[in-house]
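Chain by chain, the residues run as shown.
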Amino acid sequence: MKESLVSKTVQQKTHQPRERRILPDANLLKIGGGSVIDRGKNAILPLIKTIGRLATRHRIIVATGGGIRERHTYAVGMDLGLPTGALAAIAEAAHEQNALLIQCLLAPYGGIRVTKDEFEKLPFFLASKAIPVIVAMPPYHYWEYPSQKEPLHGSDTGALTIAETFGMKRCILIKDIDGVYRPDHVSGAPQKPVKKITAKEMLSWSDDELPVERQMLQVLLKARNCKKVYIINGLKPQMLERVLQGKNAGTVITAHG
Amino acid sequence: MAENRKKSIHTNARKSDALLQFLHRKNTVKIFPDVTVVKIGGQSIMDRGRAAVYPLVEELARLMKKRRLIITVGGGTRSRHAYALAVELGMPPGVLAKLGTSVSRQNARMLQLLLAPHGGVYIPKETFDIIGLYLNTGCTPIISGMPPYEYWEEPPTKGQIPECRTDVGTFLIGEVLGAKNVIFVKDEDGLYTDDPKKNPAATFIPRISVDELVKMNLPDLVVERKVLELMKNAIHIKSIRIVNGLVRGNLTLALENKNVGTLIYT
């Protein structure tokens, strides 16, 4: 009881390769803010309909991203000289707006807005066939890591961390691309998304080449429960159905391969 | 087309907005540049009870009259017990982080009650924004040291114990506020080459840079390793000091920026 938690031997001793899965049947669906929600009704409504239909057969938790208002917040905040932690705290409002919008649309199918203080009730919500809608951005707020750029822990990272902590079945990021494309600087051949790729490989790409947050890839390298992240196109809702059925669609990112 | 290809298909997919070009940081403001953030150790101070806490309360009460402080409090023995139980039950680090939060909150509440006559106010994280109200009325905010990550705690590289605990939370409060300095009050004179409680041959290090310290790869450290990692990217807090709170007057000396304890700097 008096042991130092910083001690390396204690760190080693507490390694528990098999953690208990708290919500093993749940699928976490993160709907991109900039990639899907900001596109408006043509992008959102078909996806909502699909999620509503699939939720009768699969346990689904929907998480929403921030999008353009989040970026605008960062732009203004940075111009004002606010620290990263303040940006993270203020940006949450954009995410909450998106969560509310998505919840309203999912309401006829059982969509309910669940705040982080109610996570312990998730089993009840899922058992009652509701579709919990959460904010994907992790609540690091003023405690976000310092950086010269925008907050490191964005909605991709938050989605994976929650899927990891609760030992969920899948973490699916819904964007507006068919999957992950390898950066191709030379060849003129038409690009196709890859079926599978490792976080390790993607970490060697530049920020511009990454379709997901760098920090999410870092978390994936350390994940014990949720070792795959699916990237699919929300403009093609049938991709979501395929992933939930366990079929190939989009790209699967794994830690090391 | 060729131009697009050079960039990568994701550039447009992810960041289609023109705002991105404005995403660069100007000089970051210091929100409370005159405030010192002081962390009172959980196991090292609070768990020792009256013998360790009362003299420190007296010293803090005196300092609070003259200086603007924010006090954070660590977890300690009860955190360790909760962690041990949770690890045995196969709980993920995110659940451990949430359990640890409760203990550091208990300690913050205890310390606040003792400091209440001198203007100590307990601040839940949700009302962190109104910290200025308390500071400007001469009060001292007292906060639980744990960062609010809870279920969103990243899985550690090794083991189940959350890497971001009360030292990290304290450091980040100092950093986001652009505070004057961050002082950790523990029960050791500062940093040693090993845990001096177990290894009598451990030698004292009065001053060391983060890079040197990381390179030494010590088996144990007086401060959470994650703090060192975060210090490298810090904009405001370029050094932290660790002092022995069991020695009267040490905290006062540290607040006067005198040479006491260990200074870790970037």
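Values in this document were obtained by computation on a predicted structure and should not be read as measured data.

1. Some remarks on helix H6 (residues 155-165) of chain A
Residues and elements named next belong to chain A. In terms of burial, H6 is largely enclosed, as eleven of its eleven residues are buried. Within H6, the full set of buried residues consists of Ser155, Asp156, Thr157, Gly158, Ala159, Leu160, Thr161, Ile162, Ala163, Glu164 and Thr165. After H6 finishes, the residue Gly167 shows a positive phi value of roughly 60°.

2. Observations concerning the sheet that holds strand E4 (residues 131-135) of chain A
Sheets are built from strands that pair by backbone hydrogen bonding, the pairs being arranged parallel or antiparallel. All names here are of chain A. Strand order in this open sheet of eight strands is E3-E4-E2-E1-E5-E7-E8-E6, and the pairing throughout is mixed. At either end of the open sheet lies a strand with only one pairing partner, and these are strand E3 (111-113) and strand E6 (196-198). The average undirected angle you get between the axes of adjacent strands in this sheet is 25°. As defined by bridge partners, strand E1 (residues 26-31) adjoins strand E5 (residues 170-175) across five bridges and the pair is classed as parallel. Each residue of the ladder has a partner; that of Asn27, found in E5, is Arg170. Running at roughly 60° to strand E8 (residues 251-254), helix H8 (residues 214-222) makes contact with E5, strand E7 (228-233) and E8 of the sheet.

3. Some points on the pattern of salt bridges
Across all of its chains, the model carries 24 salt bridges over all chains by this definition. A:Arg53 serves as the salt-bridge partner of A:Glu241, at 3.2 Å between the closest nitrogen and oxygen. Of this pair, A:Glu241 sits in helix H9 (residues 238-244) while A:Arg53 sits in helix H2 (residues 41-54), placing them 188 residues apart in sequence. The class of A:Glu241 is buried, set by a relative accessible area of 18%. By relative accessible area, which is 39% here, A:Arg53 ends up partly exposed. For B:Glu224, the salt bridge is made with B:Arg165, and the minimal N-O distance between the two is 3.9 Å. Of this pair, B:Glu224 sits in the loop between helix H8 (210-216) and helix H9 (225-231) while B:Arg165 sits in the loop between strand E4 (140-144) and helix H7 (166-177); the two residues are 59 residues apart in sequence, bridging distant segments of the chain. Across the pair, exposure class does not vary: B:Glu224 and B:Arg165 are buried alike.

4. Quick notes on the interface of chain B and chain A
Opposite the 76 residues of chain B that make contact, chain A presents 77 residues. For the interface between chain B and chain A, the tally reads two salt bridges. In this structure, A:Lys222 and B:Glu154 form a salt bridge, with 2.7 Å as the shortest nitrogen-oxygen distance. Between the two partners, chain B and chain A, sit 17 residue pairs in polar contact (both at pLDDT 80 or more). Every element with two or more residues in the side of chain B that touches chain A is listed here: helix H1 (2-7), helix H2 (9-14), helix H4 (77-88), helix H5 (93-115), H7 and H9 of chain B. Looking at which element gives the most residues to the side of chain B that touches chain A, the answer is H4(B), with six residues. Residues of the side of chain B that touches chain A, tallied by class, amount to 35 nonpolar, 17 polar and 24 charged.

5. Some remarks on the state of the cysteines
Using the criterion set out here, one finds zero disulfides over all chains in the structure. Among the cysteines around A:Cys226, which has no disulfide bond, A:Cys171 carries the closest sulfur, lying 5.1 Å off. Take A:Cys226: its relative accessible area is 1%, and that puts it in the buried class. Here B:Cys164 is not cross-linked by a disulfide; its sulfur's nearest cysteine counterpart is in A:Cys171, at 20 Å. Judged by relative accessible area, which is 2%, B:Cys164 ranks as buried.

6. Digging into the confidence of the model for chain B
Detailed reading of the predicted model is not advised wherever pLDDT is low. Across chain B, the average pLDDT comes to 91, with 90% of residues at 70 or higher. This model gives residues 1-7 of chain B a pLDDT under 50, and the stretch forms eight contacts once residues within four places in sequence are excluded.

7. Observations concerning the pairing of E1(A)
Residue and element names in this part refer to chain A. Along E1, six of the six residues are buried, which leaves the element largely enclosed by surrounding structure. Where burial is concerned, the two faces of E1 agree: the one with Ala26, Leu28 and Lys30 and the one with Asn27, Leu29 and Ile31 are both buried. Sheet topology note: the E1/strand E2 (residues 59-64) ladder contains six bridges and is parallel. By the bridge assignment, Leu28 is partnered in E2 with Ile61. In this view, the connection linking E1 to its parallel neighbour E2 by way of H2 has right-handed handedness.

8. Some thoughts on the packing of helix H3 (residues 68-79) of chain A against helix H4 (residues 84-106) of chain A
Residues and elements named next belong to chain A. Packing of H3 against H4 leaves a shortest axis separation of 9 Å and a crossing angle of 160°. Accordingly, the angle class assigned to the pair H3 and H4 is roughly antiparallel. Of the two elements, H3 crosses H4, and the hand of that crossing is right-handed. Taken together, the residues of H4 that come into contact with H3 (itself represented by Arg69, Glu70, Thr73, Tyr74, Gly77 and Met78) are Leu87, Ile90, Ala91, Ala94, His95, Gln97 and Asn98. Residues that form the contact of H3 with H4 fall into these classes: six nonpolar, five polar and two charged.

Analysis parameters
Residues numbered from 1 in each chain as written. Chains lettered and ligands numbered in written order. Predicted model: local features only at pLDDT ≥ 70, side-chain atom pairs only at ≥ 80, totals over all residues. Heavy atoms only, no water. Buried < 20%, exposed > 50% of the residue type's maximum accessible area, 1.4 Å probe, protein only. Helix = DSSP H or I, 4+ residues; strand = E, 2+ residues; numbered from the N terminus. Pairing = 2+ DSSP bridges. Axes fitted to C-alpha atoms, helices over the stretch in contact; angles between N-to-C directions. Contact = heavy atoms within 4.5 Å. Salt bridge = Lys/Arg side-chain N within 4 Å of Asp/Glu carboxyl O. Polar contact = N/O pair within 3.5 Å; in protein donor to acceptor, adjacent residues only side chain to side chain. Nonpolar A, V, L, I, M, F, W, Y, C, P; charged D, E, K, R; others polar. Disulfide = S-S within 2.5 Å. pLDDT = per-residue confidence, 0-100. Right-handed = clockwise from strand over helix to strand, strands pointing away. Parallel < 35°, antiparallel > 145°, perpendicular 65-115°, else oblique. Left-handed = near helix turned anticlockwise from the far one by under 90°.

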